[in-house]
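Tertiary structure, described
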Amino acid sequence: MSHRSIIVSAALLFALITIIVAPSLIKAQGQQAPPQGQGQQVQGQGQRQGQGQGQGQQGRGGGRGGRGNQPEVPSKPTPRWPDGHPVMGAPQGDKGIWGSCCGSLSNAQTPYQPWAKALYDYRRNNEFEPHTRCKPSGGARQFVTPYGTEMVEAPDLQKIFIYDIGGPHTFRIIYMDGKPHPSNLVPSYYGDSRGHWEGDTLVVDTTGFNENFWMDRAGSPHTDKLHFIEKFTRSDYNTMKYEVTVDDPGAYTGTWTNSFQMRWGANSELFEYVCQDNNFAPVLLVGQEEKVDRTSVIIP
Amino acid sequence: MRLKAALVFCLLAGMVVAVAGFAQEGHPLTGVWYGDWGAANATQRNHLTIEMNWDGKEVKGLVNPGPDSFPLKVVTLDSSKWTVHIEADGKDDKGMPAHFVADGKLDNIGSYNRTITGTWNYGTSKATFKLRRD
């Protein structure tokens, strides 16, 4: 038998073994896969760690992380103020933050204007989000800030503050004094938020946005005509239902609504995070760069 | 004198940073665009500033805002190809009435310094233009 014949025979034998053995190996791997529930829990943990890249899946908000594979402890009831309405943040003597929720507000039914849909599609492939340049993120994008958000109620001031942690150290004010939006609003990142209670639900009406940010992580476009109606319902200690209605005749042909859940991250609180300190894209900060370094992870 | 120069420099630097800070992420045409137009091989081109604003239904605006400004008559954006069509009635480089028709391509859409380049025609004259959003 020649040397060449030996090599060909060996190759054929290897191919035969591969054809016979490979299917059983693949089957065995499938049997070792974790049960569906475990897989989802791991995904929830990953999402929390990677906030800012969330997929916006309903009911899968960040905040589950930290418990690993331990069984979920039943939640305590919704904490309440003496007047009966729910506490939106940590009750006295406790601390905690809300994990991220809504990576993408839009879905297949979102009534885009043609330019807005084209821009959304473009952004899905060419991320150049102002958040990565340490710009504040208004609207629902605030709740996708890395490390979560802290809600602080100040009844004496008739205000609720929402602090986003992993951003440029900014916050939103929700005015609870019953006054309407000012008529001479200067467009801003967070706009002007006015809240009131409808039963156990905090309803927040916001207008006066500028166009300098993305209103969600996915890049849904908006114009300065954007009007947001948000509904916060803390259904138990660990769960906040967040429903948002988008009204922007500049970018959409009608109003649209989506809802998500935020999970409570116990024993966490605001810490000093200055986006500009460790930003990996300093040239983006002053707008000189025109391309994104795709080899970099999402910043911050 | 040196102090004065330093102050002026700081003021100008501040203005540059402030302008850069006014990122605009809404309609891709909204904003102030700077550039020039002229024959493709011309050494001297004509300054061009166009201010555009999307009102939710159409883009309106001005060419060369100031004493010699003239309004945009038609502005359309084909977002499937990111092409822009502009028409306006104004004056040419010799001060004669002219109907301008510009067709361009929008590039670098994700940047607030995006650009439009294309043809800038009036009467029988054919020219090119380039604009950069600032």
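Relevant structure appears above.
The following paragraphs examine the structure supplied in this document. Please read these numbers as outputs of a predicted model, since none were measured by experiment.

1. Here's the deal with the overall build of chain B
Within chain B one finds one helix and eight strands. Ordering the α and β elements of chain B from the N terminus gives α-β-β-β-β-β-β-β-β. Across the 134 residues of chain B, 38% fall into the buried class. Expressed as a percentage of contacts within chain B between residues at least 6 apart in sequence, the contacts between residues at least 24 apart total 32%. Here chain B displays about 7,600 Å² of accessible surface, and carbon together with sulfur accounts for 61% of that area.

2. Some remarks on the side chain of A:Arg217
Tracing the backbone through its elements, the reader meets A:Arg217 in the loop between β6 (201-207) and β7 (227-236). Since its relative accessible area comes to 7%, A:Arg217 is described here as buried.

3. Thoughts on the environment of B:Val74
Residues and elements named next belong to chain B. With respect to the secondary-structure elements, Val74 resides in strand β4 (residues 70-78). Val74 gets classed as partly exposed once you look at its relative accessible area, which sits at 29%. Separated by 16 residues in the primary sequence, Val74 and Gly90 place their C-alpha atoms 13 Å from one another. With residues up to four places along the chain from it excluded, the contact list for Val74 reads His85, Ile86 and Glu87.

4. Concerning the side chain of A:Glu230
Residue and element names in this part refer to chain A. Inspection of the secondary structure assignment puts Glu230 in strand β7. Within the local environment of Glu230, its side chain forms a polar contact with the side chain of Arg172, the two groups lying 2.9 Å apart. Beyond its immediate stretch of four places on either side in the chain, Glu230 contacts Gly139, Phe143, Arg172, Leu202, Val203, Val204, Thr206, Tyr242, Glu243 and Val244.

5. Focus: the sheet that holds strand β7 (residues 115-122) of chain B
Residue and element names in this part refer to chain B. Around the barrel, eight strands lie side by side as β1-β2-β3-β4-β5-β6-β7-β8; this closed barrel has antiparallel pairing. Taking each pair of neighbouring strands and ignoring which way they run, the sheet shows an average axis angle of 25 degrees. As paired strands, strand β2 (residues 46-54) and strand β3 (residues 59-63) are joined by five bridges and run antiparallel to one another. Each bridged residue has a counterpart across the sheet, and for Ile50 the counterpart in β3 is Val63.

6. Overview of the interface of chain A and chain B
Each partner contributes residues to the interface: chain A has 25 residues there, and chain B has 23 residues. Roughly 1,900 Å² of surface becomes buried between chain A and chain B when both sides are summed, with 48% attributable to carbon and sulfur atoms. With a closest N to O distance of 3.5 Å, B:Glu25 and A:Arg123 form a salt bridge. Across the contact surface, chain A and chain B share seven residue pairs in polar contact (both at pLDDT 80 or more). Considering each element in turn, the side of chain A that touches chain B owes the most residues, six residues, to helix α3 (residues 114-125) of chain A. Looking at the side of chain A that touches chain B residue by residue, the class counts come to 13 nonpolar, six polar and six charged.

Analysis parameters
Residues numbered from 1 in each chain as written. Chains lettered and ligands numbered in written order. Predicted model: local features only at pLDDT ≥ 70, side-chain atom pairs only at ≥ 80, totals over all residues. Heavy atoms only, no water. Helix = DSSP H or I, 4+ residues; strand = E, 2+ residues; numbered from the N terminus. Buried < 20%, exposed > 50% of the residue type's maximum accessible area, 1.4 Å probe, protein only. Contact = heavy atoms within 4.5 Å. Areas by Shrake-Rupley, 256 points an atom, 1.4 Å probe, with all protein chains shown as cover. Polar contact = N/O pair within 3.5 Å; in protein donor to acceptor, adjacent residues only side chain to side chain. Pairing = 2+ DSSP bridges. Axes fitted to C-alpha atoms, helices over the stretch in contact; angles between N-to-C directions. Buried area = accessible area lost by both parts, 1.4 Å probe. Salt bridge = Lys/Arg side-chain N within 4 Å of Asp/Glu carboxyl O. Nonpolar A, V, L, I, M, F, W, Y, C, P; charged D, E, K, R; others polar.

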